[in-house]
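This is what each chain is made of:
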Amino acid sequence: MSEQRPTLTNRQGHPIRDNQSLRSVGERGPATLENYQFIEKITHFDRERIPERVVHARGTGAHGYFEAYGKIGDEPASKYTRAKVLNEVGVQTPMFVRFSTVIGAKESPETARDPRGFAVKFKTVEGNWDLVGNNLKVFFIRDAIKFPDMIHAFKPDPVTNQQEPWRFYDFIANHPESLHMVTWVKSPWGIPANYREMEGSGVNTYKLVNDLGLAHLVKFHWQPKQGVRNLSSQQAAEIQGQDTSHATRDLYDAIERGDYPEWEFCVQIMADGEHPELDFDPLDDTKRWPEDQFPLLPVGRMVLNKNPDNVFAETEQSAFGTGVLVDGIDFSDDKMLQGRTLSYSDTQRYRVGPNYLQLPINAPQEKARARTNQRDGQMAYVDDNGGANKHINYEPSLMGGLQEAPQPQKDYHQYVQGHLGRYQTTSTAADYKQAGDRYRSFQDWERDDLVNNVGGDLKKCPEVIQLRMVWHLWHCDEDYGRRVAQVAGIGLEKAKALPPLPGKPAPHANRQGATYTSGQPEQGGAGAAKEPSTSEEVAAAK
């Protein structure tokens, strides 16, 4: 292959020197709003389909309620969070849940091998809380700037209009952090038997904040009380030959006959901070928090007990966003979470319209009725006149109108210090370790299905991709790589002879420290002398 390739640019014609990482304050710090390349990339991506969702187009939904236990494990929930929805016992909080596949179009089969979306809207007395996740506890990438590339690689080829295995594995081969998710998706866990017997997870890392302004890192999970059941490739093919909507039918019929599905809501909790004692970054959503170290602690339960009256008005116009949080639940510096928070709400304004939150399915409950100074826009139909003086649609005013809510007695203030730049991830050893651990944890029939699926796919790929993928899998687990090579007819020794990917650490190794994507190491961490940034400072440094 020729290395003389055209240079990647944005729509302004600016050369893109880094298409891998958001710009952030330090390696683990927050992303900044001036990430123009990411904003242009993700907002254009959000508008690639009309009017169907770009991802999660195939879905079904149901109404239900959430009841908190008032505890997190054996301790009062108030120890960790001031969110009323997790503290008030005996209150049934209305909910709407939308289940979905990711890549397929609106009429695609529900037996597709694909992550399943698990999006939940709590209509709490403090306003809406959206928890937007999937059926697995991890994801393919850890930086939101890669999301459009990932979806493009997984969607049909723009020329053949076919999903091509080589495109999928070409992307994966260049992103070792994806190996963990691939090991899940290509196993039977990639085809849940239905939505009722399926786990859910928020995937991203959030924070719980209590009345003292203290924060803990948290992961959210849904555990089905019906149990978990998955399908082999053969079982899925048999179902698909007769019914492409089996999961929608199963959920609808169960609710209609009064067999209401139920999930227990659980959290994993970790002290806020960097956690150098772990071999992975807890903000990296390609990694699971080991449950023997961070157990699943019950918080409450969800019951789905009502089907939609109108699929379009409710299921299809339901709109979720990772930025929709209530007081007591906050953002972490998870780069996928920060990117999704812009992307999800932006795509809803495009897909449904700027007033999508006026629709009944998306509007908060009456006790938290929206009162804003936002006006007009396409398809506005609610008179959002919340103040005493209808002439005042701004704030503050001496003449009436709306006023700010009171501040909490003690708020959470994260301390942030660091160099502004684009960083590579330091903790990379677990990219291979967790994928190997997952392979070894599967039952024999799950490993057999996984190996046959991946090996069968690689038969359809060019040799350069075949060899690199076997190299990756062998470093995850030698048996994993050997068996896939046998199924695909690939020379294992030739694959093992490959060098590490350019610019990336060897498998099971971390980078030596915080490193910019240029390969230059950061000169000192937080509290160290700052790097020279002005011409005078550069001259002095010389």
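Located above this text is the structure these notes cover.
> Can you tell me about the overall build of the protein, naming the residues and giving the values?
The helix and strand inventory of the protein stands at 15 helices and 15 strands. Taking 542 residues into account, the globule formula puts the C-alpha radius of gyration at 24 Å, and the protein, at 24 Å, falls close to it. Each of the three principal axes of the protein carries a C-alpha extent, and together these read 75 × 75 × 50 Å. Within the protein, the fraction of its 542 residues that count as buried is 54%. Restricting the contact set of the protein to residue pairs at least 6 apart, pairs at least 24 apart contribute 75%. Split by element, the accessible area of the protein, about 25,400 Å² in all, is 51% carbon and sulfur. Charged side chains in the protein number 63 positive and 74 negative. The centres of these two groups are separated by 2 Å.

> Which residues make up the sheet that holds strand E14 (residues 420-424), and what are the values?
One open sheet accounts for three strands, arranged E1-E14-E15; its pairing is antiparallel. Each of the sheet's edge strands pairs with one partner strand only, and the pair in question is strand E1 (23-25) and strand E15 (515-516). Bridge count for E14 against E15 is two bridges, and the pairing is antiparallel. Following the sheet pairing, glutamine 424 is matched in E15 by threonine 515.

> Could you give me a rundown of the packing of helix H10 (residues 430-441) against helix H12 (residues 463-476), with the residues and numbers involved?
Taken N-terminus to C-terminus, the directions of H10 and H12 make an angle of 75°; their axes are 8 Å apart at the nearest point. Put simply, H10 runs roughly perpendicular to H12. Contacts between H10 and H12 involve Tyr432, Ala435, Gly436 and Arg440 from the former and Trp471, His472, His475 and Cys476 from the latter. Taken together, the residues that form the contact of H10 with H12 break down as four nonpolar, three polar and one charged.

> Help me get a handle on empty space enclosed by the protein, residues and values and all.
Counted under the stated rule, the structure contains five cavities of 30 Å³ or more. Around the largest cavity, the lining is made up of 38 residues, and of these Val55, His56, Val132, Arg340 and Tyr344 lie nearest the centre. With eight residues, the top contributor of residues to the lining of the largest cavity is helix H9 (residues 335-351). For the lining of the largest cavity, the per-class residue count stands at 20 nonpolar, twelve polar and six charged. In this structure, the second largest cavity encloses a volume near 70 Å³. Contributing to the lining of the second largest cavity are Phe66, Ala68, Lys84, Val85, Glu88, Val91, Thr93, Thr124 and Val125. Elements with a contribution of two residues or more to the lining of the second largest cavity: strand E2 (59-68) and helix H2 (84-87). Split by residue class, the lining of the second largest cavity holds five nonpolar, two polar and two charged.

> Tell me about the nonpolar core, and please be specific about residues and values.
Phe140, Phe147 and Leu458 are the most contacted members of the largest nonpolar core, which totals 57 residues. With eight residues, the top contributor of residues to this core is H12. Discounting chain neighbours no more than four positions away, the residues touching phenylalanine 147 are Ile42, Phe45, Val55, Phe139, Ile141 and Met336. Of all hydrophobic cores here, the second largest spans 38 residues; its members include Ala68, Val97, Tyr195 and Trp222.

> Pulling in residues and values, what's your account of the environment of cysteine 476?
If you trace the backbone, cysteine 476 turns up in helix H12. We classify cysteine 476 as buried; its relative accessible area is 4%. Sequence-wise, cysteine 476 and leucine 342 are 134 residues apart; in three dimensions their C-alpha atoms are separated by 34 Å. Leaving out residues up to four positions away in the same chain, cysteine 476 has contacts with Leu179, Tyr432, Ala435, Gly436 and Arg440.

> Residues and numbers for the pairing of strand E9 (residues 206-209), please.
Side chains on a regular strand alternate between the two faces of the sheet. Residues Tyr206 and Leu208 of E9 are buried on one face, and the alternating residues Lys207 and Val209, pointing to the opposite face, are buried as well. The pairing of E9 with strand E10 (residues 215-224) spans four bridges and is classified as antiparallel. From the neighbouring strand, lysine 207 faces E10, where its bridge partner is leucine 217. Hairpin connection between E9 and E10: a loop of five residues separates the two successive antiparallel strands, and glycine 213 in this loop has a positive phi of roughly 80°. In terms of strand pairing, E9 meets strand E13 (residues 329-331) through three bridges, oriented antiparallel. The residue of E13 that forms the bridge with lysine 207 is aspartate 330.

> Could you give an account of unusual backbone geometry, naming the residues involved and the relevant values?
A cis amide bond, omega 0°, links glutamate 395 with the succeeding residue proline 396. Among the secondary structure elements, proline 396 is positioned in the loop between H9 and E14. Backbone geometry at histidine 56 places phi at a positive 65°, although glycine is not the residue there. For histidine 56, a relative accessible area of 18% gives the class buried. For valine 203, which is not a glycine, the phi torsion comes out positive at approximately 65°. Looking at where valine 203 falls in the secondary structure, it is placed in the loop between strand E8 (200-201) and E9.

Cut-offs used in this document
Residues numbered from 1 in each chain as written. Predicted model: local features only at pLDDT ≥ 70, side-chain atom pairs only at ≥ 80, totals over all residues. Heavy atoms only, no water. Helix = DSSP H or I, 4+ residues; strand = E, 2+ residues; numbered from the N terminus. Rg over C-alpha atoms; globule rule 2.2 N^0.38 Å. Buried < 20%, exposed > 50% of the residue type's maximum accessible area, 1.4 Å probe, protein only. Contact = heavy atoms within 4.5 Å. Areas by Shrake-Rupley, 256 points an atom, 1.4 Å probe, with all protein chains shown as cover. Lys, Arg positive; Asp, Glu negative; His and termini not counted. Charge placed at Lys NZ, Arg CZ, Asp CG, Glu CD. Pairing = 2+ DSSP bridges. Axes fitted to C-alpha atoms, helices over the stretch in contact; angles between N-to-C directions. Parallel < 35°, antiparallel > 145°, perpendicular 65-115°, else oblique. Nonpolar A, V, L, I, M, F, W, Y, C, P; charged D, E, K, R; others polar. 1 Å grid on protein atoms, 1.4 Å probe; cavity = no way out; pocket = protein on both sides within 12 Å on 5 of 7 lines; lining within 4 Å. Points joined across faces, edges and corners; volume = space filled by probe spheres on them. Core = buried A, V, L, I, M, F, W, Y, C linked by side-chain atoms within 4.5 Å.

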